[in-house]
Amino acid sequence: QVQPVESGGGLVQAGGSLRLSCAASGRTFSSYPMGWFRQAPGKEREFVASISWNGGSTTYSNSVKGRFTISRDNAKNTVYLQMNSLKPEDTAVYYCAVGLPTFSSYSPTRPADFGSWGQGTQVTVSS
């Protein structure tokens, strides 16, 4: 089973950048699509971005499209989320998730399409 662990969160000013990393254990990491979700205080968890097993397909939420980039390095069992032009409304706990093998060639967007979740990393954007 692939278990993800996030890192790279922190405090940044509006307009700044952060790169989140998600290291996933397991020999079959490259078989799974991966995704990022976020949850702000008092709000439901929302989809941010996802990527297929080989990076050939990516999907972004409208709120981050053009500012965030998801990528993966299967040799390092790691998926990244590069976040640029950050806004205060991007403040949330960001979660990395391992997609179900059924969707390996796709970039799924629903929480139900993911089987394992990390503990989350806090991102705070100050105005």
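The structure presented is a predicted model; accordingly, all values stated were derived computationally and were not measured.

1. Considerations on the sheet that holds strand β3 (residues 18-25)
Line of reasoning, step 1. The strand order across the open sheet built from 4 strands is β1-β3-β8-β7, with neighbouring strands paired in antiparallel fashion. Looking at the sheet topology across the chains shown, the edges are occupied by β1 (3-7) and β7 (68-73). Strand after strand, the sheet turns through a mean of 20° between neighbouring axes, direction not considered.
Line of reasoning, step 2. As paired strands, β3 and strand β8 (residues 78-83) are joined by 6 bridges and run antiparallel to one another. Among the inter-strand pairings, Leu20 is bridged to a residue of β8, identified as Leu81.

2. Some points on the pattern of salt bridges
Line of reasoning, step 1. According to the stated counting rule, one finds 4 salt bridges in the structure shown.
Line of reasoning, step 2. In this structure, Arg38 engages Glu46 in a salt bridge whose closest nitrogen and oxygen atoms are separated by 2.6 Å.
Line of reasoning, step 3. On the basis of relative accessible area, Arg38 is assigned to the buried category, the value being 5%.
Line of reasoning, step 4. Notably, a salt bridge pairs Arg38 with Asp90, separated by 2.9 Å at the nearest N-O pair. With a gap of 52 residues between them, Arg38 in strand β4 (residues 34-39) and Asp90 in the loop between β8 and β9 (92-99) connect regions that are remote in the sequence.
Line of reasoning, step 5. Owing to a relative accessible area of 0%, Asp90 belongs among the buried residues under this scheme.
Line of reasoning, step 6. It is possible to trace a salt-bridge network through shared partners that takes in Arg38, Glu46, Arg67 and Asp90.

3. A closer look at the pairing of β1
Moving residue by residue along a regular strand, the side chains alternate between the two faces of the sheet.
Line of reasoning, step 1. Only one face of β1 is covered, namely the face carrying Pro4 and Glu6; the face carrying Gln3, Val5 and Ser7 is uncovered.
Line of reasoning, step 2. Across 5 bridges, the pairing between β1 and β3 is antiparallel. When the sheet's bridge partners are listed, Gln3 is paired in β3 with Ser25.

The rules we used
Residues numbered from 1 in each chain as written. Predicted model: local features only at pLDDT ≥ 70, side-chain atom pairs only at ≥ 80, totals over all residues. Heavy atoms only, no water. Pairing = 2+ DSSP bridges. Helix = DSSP H or I, 4+ residues; strand = E, 2+ residues; numbered from the N terminus. Axes fitted to C-alpha atoms, helices over the stretch in contact; angles between N-to-C directions. Salt bridge = Lys/Arg side-chain N within 4 Å of Asp/Glu carboxyl O. Buried < 20%, exposed > 50% of the residue type's maximum accessible area, 1.4 Å probe, protein only.

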